[in-house]
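The primary structure of each chain is shown beneath.
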Amino acid sequence: MPSAIPSRSSPLPGFGLSLGITILWLSLIVLIPLSAVFVKSLSHGWGAFLAAAASPRALAAYKLSFGAAALAAAVNCIFGLLVAWVLVRYRFAGRRLLGALIDLPFALPTAVAGIALTALYADTGVIGRILVPAGLPIAYGPAGVVMALTFIGLPFVVRTVEPVLAQVSNEIEEAALTLGASRLQTFFRVILPTIAPALATGFALAFARGAGEYGSVIFIAGNMPFKSEIAPLLIVTQLEEYNYAGAAAIACVMLLISFAVLFLLNILQRWQERRFA
Amino acid sequence: MTAGLREPPLVKALLIAGAVGYVALMLLLPLGAVLDEAFKKGWQLWLAAVTEPDARASIKLTLLVAAIAVPLNTVFGVAAAWAIAKFDFRGKTSLVALIELPFSVSPVVSGLVFVLLFGAQGWFGPWLQDHDIGIIFALPGLVLATVFVTFPFVARQLIPLMSAQGRTDEEAALTLGASGWQTFWRVTLPNIRFGLLYGVLLCNARAMGEFGAVSVVSGHIRGETNTMPLQVEALYNDYDFVAAFAVASLLTLLAVFTLALKSALE
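Residues numbered from 1 in each chain as written. Chains lettered and ligands numbered in written order. Predicted model: local features only at pLDDT ≥ 70, side-chain atom pairs only at ≥ 80, totals over all residues. Heavy atoms only, no water.

**Re the interface of chain B and chain A**
Interface size is commonly expressed as the accessible surface area that is lost when the partners come together.
Link 1 in the chain: Contact residues are listed per partner, giving 87 residues for chain B and 86 residues for chain A.
Link 2 in the chain: Both faces combined, the contact of chain B with chain A buries some 8100 Å², and carbon together with sulfur accounts for 79% of it.
Link 3 in the chain: Residue K262 of chain B is joined to D103 of chain A by a salt bridge in which the shortest nitrogen-to-oxygen separation is 2.4 Å.
Link 4 in the chain: For the interface between chain B and chain A, the tally reads 10 residue pairs in polar contact (both at pLDDT 80 or more).
Link 5 in the chain: With 18 residues, the single largest contributor to the side of chain B that touches chain A is helix α1 (residues 9–38) of chain B. (Contact = heavy atoms within 4.5 Å. Buried area = accessible area lost by both parts, 1.4 Å probe. Salt bridge = Lys/Arg side-chain N within 4 Å of Asp/Glu carboxyl O. Polar contact = N/O pair within 3.5 Å; in protein donor to acceptor, adjacent residues only side chain to side chain. Helix = DSSP H or I, 4+ residues; strand = E, 2+ residues; numbered from the N terminus.)

The structure is reproduced here in structure tokens:
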């Protein structure tokens with residue numbers, strides 16, 4: 001926990017007031033409510049906690065939520081790098097529009113994204129009409145979950161890779177070229193290792209967001225228990241059955257995994273800072 | 001710049017085409033789908049759908065929730081950025097990490113925490129019931145969930161900006177005899193106005209569009225506790241697709257407006 005010891009070097013007023021507001025608001029809105037999840041999940045003892053948090057249905061839901069989030073984040077690493085590369089390195093008509101569009105998943109409400117994707121990929125939709133007869137149904141199954149999370153995650157990768165890619169200096173590339181490396185060799189041996197931490201950070205951000213995502217997924221997923229039911233939906237189902245402790249237990253598992261990812265992110269960011277130090 | 005440092009024109013064209021094609025397929029097409037579905041049966045039906053009483057109530061509720069939640073988080077964001085950017089203290093890094101915590105919490109869990117506190121079987125549930133105070137399935141619950149979800153937006157925009165600006169401007173103002181508040185209003189605020197606007201804009205977009213967190217605390221009473229995204233879901237589940245996409249098209253306009261303003265601010 002932060003302790004309030006202001007440095008004497010700052011003569012500005014308002015330290016106590018601003019830090020006071022910050023810690024009060026943080027505690028009231030975030031810390032105390034979040035601690036309720038952990039306390040409530042254990043309200044019926046460890047046995048009940050494990051029965052809810054590790055039930056076969058919950059395990060299937062974690063597997064889908066985290067598996068689909070990892071797959072979608074991996075797809076976004078490939079296409080996000082491509083988009084970031086094009087945005088940073090090339091000048092072409094429509095580049096600004098492309099840059100602005102990338103943030104659409106941040107700005108578009110998730111429920112809207114969910115029904116729009118469903119409209120496209122259901123068997124009557126523009127894309128579904130082509131894919132469903134070809135034996136590649138996407139809507140109403142796990143593939144729909146991956147599709148929705150791919151939509152949600154793209155800006156995380158593009159926005160973390162972009163600034164780092166812009167920093168890669170021409171000199172390193174020139175040096176590689178002078179030493180006889182081909183363009184492709186330069187990319188894989190020089191540029192890719194330099195941006196690897198940023199790419200990993202983007203992956204982690206997209207993964208964390210995807211694992212907890214709800215609004216864009218539930219319309220397209222089909223929501224069949226054991227098959228296409230994501231973990232956040234299972235929490236909602238438990239709540240609707242007034243099983244607060246069960247909902248809290250599943251939420252607990254999700255929170256702990258998110259915190260672990262967050263911790264990993266911190267290490268990644270330090271790794272990245274060291275690279276450019 | 002040597003020629004070998006650039007990709008051959010064909011490779012470059014292919015890469016651009018790949019990026020543009022991917023973004024068009026993944027992002028532009030869903031955007032078009034919303035508008036297409038909303039106006040499929042003509043604009044009269046669209047107009048009827050967005051002016052129908054329950055839709056109007058949902059629009060009003062969404063505006064009200066955002067009008068409460070966004071200013072709260074703006075004040076918090078400015079205070080947090082002031083403390084973190086202008087002063088040095090121990091535990092700063094952990095404080096920043098805690099502020100950003102809500103970003104890594106599932107929206108459903110963000111709503112759940114308030115049900116566990118204030119719901120019928122929650123910690124304060126019986127007491128609230130005895131005193132006839134409604135938080136869950138009422139406006140206060142919607143506001144709390146929205147504040148939680150949009151908590152970091154303004155702060156995370158301002159912290160790096162104000163850290164980069166340092167404190168020399170403020171120190172000069174104080175030396176010249178300005179009071180603390182005068183310094184804030186006349187020096188700091190003008191310096192950060194674009195960053196602040198940007199943060200408020202993103203905070204507002206998320207506040208109006210939030211679905212998972214408010215879905216858990218709303219109770220889904222049409223005309224009363226359904227915000228616009230919840231109304232979209234309710235209509236969609238009724239198979240009233242034209243109306244669902246009509247309300248969704250309003251939210252889409254909000255998103256496009258946010259992106260346009262954001263790109264103008266950059």
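Past the structure itself, the notes keep going.
**Side note on the pattern of salt bridges**
Link 1 in the chain: Across all of its chains, the model carries 16 salt bridges over all chains by this definition.
Link 2 in the chain: Between E170 of chain B and K86 of chain B there is a salt bridge whose closest N-O contact spans 3.1 Å. Taken as a pair, E170 of chain B in helix α9 (residues 168–175) and K86 of chain B in helix α3 (residues 53–86) lie far apart in primary sequence, 84 residues in all. Each member of the pair E170 of chain B and K86 of chain B is classed as buried.
Link 3 in the chain: With a closest N to O distance of 2.8 Å, E210 of chain B and R206 of chain B form a salt bridge. As far as the burial class goes, E210 of chain B and R206 of chain B line up, both buried.
Link 4 in the chain: One salt-bridge network, held together by shared partners, links R89, E173 and R183 of chain A together with E7 of chain B. (Buried < 20%, exposed > 50% of the residue type's maximum accessible area, 1.4 Å probe, protein only.)

**Description of a nonpolar patch on the surface**
Link 1 in the chain: Taken together, L17 and I21 of chain A together with W181 and W185 of chain B make up a surface patch of nonpolar side chains, about 460 Å² in accessible area.
Link 2 in the chain: Elements with a minimum of two residues in the nonpolar patch: α1 (15–41) of chain A together with α10 (180–209) of chain B.
Link 3 in the chain: Following the sequence through the fold, W185 of chain B ends up in helix α10. (Patch = residues over 30% accessible without salt bridge, like charges linked within 9 Å, V, L, I, M, F, W, Y side chains within 5 Å. Areas by Shrake-Rupley, 256 points an atom, 1.4 Å probe, with all protein chains shown as cover.)

**Some remarks on unusual backbone geometry**
All names here are of chain B.
Link 1 in the chain: Even without a glycine there, the phi angle at D132 is positive, about 60 degrees.
Link 2 in the chain: Inspection of the secondary structure assignment puts D132 in the loop between α6 (125–130) and α7 (139–150).
Link 3 in the chain: With relative accessibility at 71%, the residue D132 sits in the exposed group.
Link 4 in the chain: In this model, F137 sits at a positive phi of 65 degrees, which is unusual for a non-glycine residue.
Link 5 in the chain: By the secondary structure assignment, F137 is in the loop between α6 and α7.

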